[in-house]
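Here is how the chains run, residue by residue.
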Amino acid sequence: MVIKLKPQGPRCKKFEFWTKVAKVTKPQGPKWQFTLNKLYKAKWPANWSDSKLKTFWETKKNKQSPSSSSSPSTSTQMQPENLLLHHTHHHHLSLGCPILDAALGGGIPSNSITELVSESGCGKTQLSLQLLFTAQLPHGLSGSSLYLYSEFPFPYRRFAQLLHSFRSSHPILFANYRDPCDHIFTRDCHTAHHLLDVLLQLESRLKHPKETRLDIKLIVIDSIAALFRSEFENNGADLKKRSALFFKISSVLKMYAKRFGIAVVITNQVVDLVDDSEGVSGVQVGNLEGMWTSGRRVCPALGLSWANCVNSRLFLSRREVIEGVENGLQGDDYGGFVNRRQRRELHVVFAPHLPYSSCEYVIRKEGVFGVDR
Amino acid sequence: MEVLRLPLSASQKGKLISAGYTSIASLSSVSPSHLALELKVSETEALEILKSVSDGSRLQSTSSSFTIVNGAQSAWDMLQEEETSVHITTSCADLDSILGGGISCKEVTEIGGVPGIGKTQLGIQLAVNVQIPYDYGGVGGKAIYIDTEGSFMVERALQIAEACSADMAEYSRLHHKGPQACEVKTMQPKDFLENIFYFRVCSYTEQIALTNYLDKFITEHKDVKVVIIDSITFHFRQDFDDMALRTRILSGMALNLMKLARKFGLAVVVLNQVTTKYADGQFHLALALGDSWSHSSTNRIILHWNGNERYAYIDKSPSLRSASAPYSVTPKGIRPSDSNNKRIKHV
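Residues numbered from 1 in each chain as written. Chains lettered and ligands numbered in written order. Predicted model: local features only at pLDDT ≥ 70, side-chain atom pairs only at ≥ 80, totals over all residues. Heavy atoms only, no water.

Participant: How would you summarise the overall build of chain A if you had to cite specific residues and measurements?
Facilitator: On a plain count of helices and strands, chain A comes out with 13 helices and 16 strands. When burial is assessed residue by residue, chain A has 50% of its 373 residues classed as buried. Long-range contacts, defined as pairs at least 24 residues apart, comprise 73% of the intrachain contacts of chain A with a sequence gap of at least 6. Total accessible area computed for chain A in this model is approximately 18700 Å², and 52% of it derives from carbon and sulfur atoms. (Helix = DSSP H or I, 4+ residues; strand = E, 2+ residues; numbered from the N terminus. Buried < 20%, exposed > 50% of the residue type's maximum accessible area, 1.4 Å probe, protein only. Contact = heavy atoms within 4.5 Å. Areas by Shrake-Rupley, 256 points an atom, 1.4 Å probe, with all protein chains shown as cover.)

Okay, structure coming up:
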């Protein structure tokens, strides 16, 4: 078992320490080859005594700045975590509405990836914009947020509206001319590879936070489907490449989520399900036997392998319900009119901590709110 | 029996005796290479000597525990061991009955299914159930939980532990009426969490390192009775250009896990994802990591949807018949399916 490592490049960040060791011990040779045994059973050069190794290790440790001490060093990595401590550290990101929070068991969990699936016009972007603001609230994650968007253009008008209502609903927090926009970062992404590069560049930013700003505690990707749906063709080799990229992106996100306590929210589009017998796209994933929206049966884009990359999946649906027919019969106010209304619902498709549930919500000028019925 | 009576040449007997091997028992646990070194003979000759020793001992004694290779067992021993082997309950009676009492220790069990079917739930349930003390018919061990996907939620584990603790209290109330009830200590939900060793793994190198390290860790914590890997797949589905390397790493890891299971008598539960496979002109579902991986586990259970119910199906097992049984995921954890009619299907 031999892995070849290039000495530089962002993908080798993990091995930073080890490459340094290699430089000390093996000054010659164009390529570093580590056997896994060497790396992890820590078979050091035979002429190194234990004490020498120890002092080397200690100096290395001391040289590391305190902010990067959270990076995995083998000494801490190999110890199990205390779950009781874990419990108190775990935070939820509030959605800004107590009803929706209750439906999700306290909000969007940090340290994991949550996917929002819906057809266009159901409020994915609305909800994710809202999260950018609520992430700053002091009883929640109290961090800044990063918004990576691939569906253009950036919704400035809606953003300004939400900003206004958020400021007016939290006047004390944003007195002293503190601007919530100072803690929201946006970045456009054009392709899936671009997204991966942006994410890899992010690491140094997360490791060395600026003192004047809050730590990044929320990453929103809106939407993942747009990045993948154009770039890859529907043949075996491309699909394989595509799913390898899914897992790569997801693993980087999960690593950040774990190491820095970040909540990751990814939106995804849906595709129509034309025929049940058509391949495996009709296979049931999660609690809902079929996902229905606007009278059509849909399934999330990007298929089964992407479903393996997220921790929880939420589905936003809408359908038209007829209300006020009875009123129309009883009184003359409605005449023969039928009062139609959009009924929007949030479903938990799957989540490791939640059973299936659904909750009705409405989209208002001030944001997305749950309805208690 | 003495070395002198073995069918060996005089010079070989002389060498054996001068090296201090006078009885056959003293030769029973010597490796050929060691013997060759000590007698200063070739390795093939040493092998010949050991062969005749084993032949001789077989003639003399019928006792099966007397073997030449260290650690070898006869099938009879294994059968007896099998009968005393322990199982970890899944908290679902139907599932336990098709599994012959639960997830069996000393074996590697692979569990696969689509996202949201309850793989992680089953993993957490097992991590909790392994801690049920002997007095309550459990194993009374601890659990190692290796999380590669970040799906382990402490709040959920606490919920399941609370339900398990409540069930135990109920059980002791029913079975130990009177003063005995106080004697059996009930476990608090927090105790359950303390006994789960949780490792979060962020890359495949860490995963390999951890599996190598487990041996040492379990030697220090002998009461670990289950190792759960959720999931084995995640880090191996990204960026592997060299598929042969992946296969080698995976089979190395599988060997490691099997060794752990046998050495410490613990259950290894490996969760796997589902992927689509193209064969015979159409796509169908299969467990991830390919065909060579499918040899790596002793038992293989596939979780799937059947209408609105969750089913577990035994896909592969050397000792169990292939069968399927319904189960459900409730707020309390894995529980029997709520419909009354019995629906265990033997295929």
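Participant: Go over the packing of aromatic side chains, please, and point to the residues and values.
Facilitator: In the structure shown here, the tally under the stated rule is 19 aromatic pairs over all chains. Their ring planes at 80 degrees and their centres at 5.4 Å tell us that Tyr147(A) and Phe154(A) sit as a pair that is edge-to-face. Exposure remark for Tyr147(A): the relative accessible area of 0% places this residue in the buried category. An aromatic cluster is built from Phe133(A), Tyr147(A), Tyr149(A), Phe154(A), Tyr156(A), Phe159(A) and Phe166(A), whose rings are joined through pairwise contacts. Its end group placed over the ring of Phe234(B), Lys254(A) keeps NZ or CZ at 4.1 Å from the ring centre. (Phe/Tyr/Trp six-rings, centres within 6.5 Å; stacked < 30°, edge-to-face > 60°. Lys NZ or Arg CZ within 6 Å of the ring centre and 35° of its normal.)

Participant: How would you explain the sheet that holds strand 9 (residues 263-268) of chain A if you had to name every residue and give the values?
Facilitator: Residue and element names in this part refer to chain A. A sheet is described by the order of its strands in space; here nine strands give the open sequence 7-6-8-9-5-13-14-15-16, paired in mixed fashion. Among the strands making up the open sheet, the edge pair consists of strand 7 (184-188) and strand 16 (367-371). Strand-to-strand twist in this sheet, taken as the mean axis angle between neighbours without regard to direction, amounts to 25 degrees. The strands that helix 9 (residues 192-207) touches are strand 6 (144-149), strand 7 and strand 8 (216-222); relative to strand 7, the one it contacts most, it runs at about 150 degrees. (Pairing = 2+ DSSP bridges. Axes fitted to C-alpha atoms, helices over the stretch in contact; angles between N-to-C directions.)

Participant: Tell me what's going on with the interface of chain B and chain A, and back it up with residues and numbers.
Facilitator: Between chain B and chain A, the residue contacts involve 49 residues of the former and 51 residues of the latter. Carbon and sulfur atoms make up 65% of the area that chain B and chain A hide from each other, which totals about 4600 Å². The interface formed by chain B and chain A includes zero salt bridges. Counting across the interface, chain B meets chain A through eight residue pairs in polar contact (both at pLDDT 80 or more). Going through the elements one at a time, helix 8 (154-175), helix 10 (189-194), strand 5 (196-200), helix 11 (204-220), helix 12 (243-264), strand 8 (274-279) and strand 9 (282-287) of chain B are the ones with two or more residues in the side of chain B that touches chain A. At eight residues, the largest contribution of residues to the side of chain B that touches chain A is made by helix 11 of chain B. Among the residues forming the side of chain B that touches chain A, the class breakdown is 26 nonpolar, 13 polar and ten charged. (Buried area = accessible area lost by both parts, 1.4 Å probe. Salt bridge = Lys/Arg side-chain N within 4 Å of Asp/Glu carboxyl O. Polar contact = N/O pair within 3.5 Å; in protein donor to acceptor, adjacent residues only side chain to side chain. Nonpolar A, V, L, I, M, F, W, Y, C, P; charged D, E, K, R; others polar.)

Participant: Could you give me a rundown of the nonpolar core, with the residues and numbers involved?
Facilitator: Residues and elements named next belong to chain A. Counting residues in each nonpolar core, the largest one holds 103 residues, and the members touching the most others are Leu 148, Leu 195, Ile 219, Phe 228 and Leu 253. Excluding anything up to four places from it in sequence, Leu 253 contacts Ile 113, Leu 199, Ile 219, Ile 221, Val 264 and Ile 266. One finds Ala 103, Ala 135, Tyr 149 and Tyr 361 within the second-largest nonpolar core, a separate group that totals 39 residues. (Core = buried A, V, L, I, M, F, W, Y, C linked by side-chain atoms within 4.5 Å.)

Participant: Mind laying out the environment of Phe260(A), listing which residues take part and the relevant values?
Facilitator: Positionally, Phe260(A) belongs in helix 11 (residues 236-260). Between the alpha carbons of Phe260(A) and Asp215(A) there is a distance of 8.9 Å; along the sequence they are 45 residues apart.

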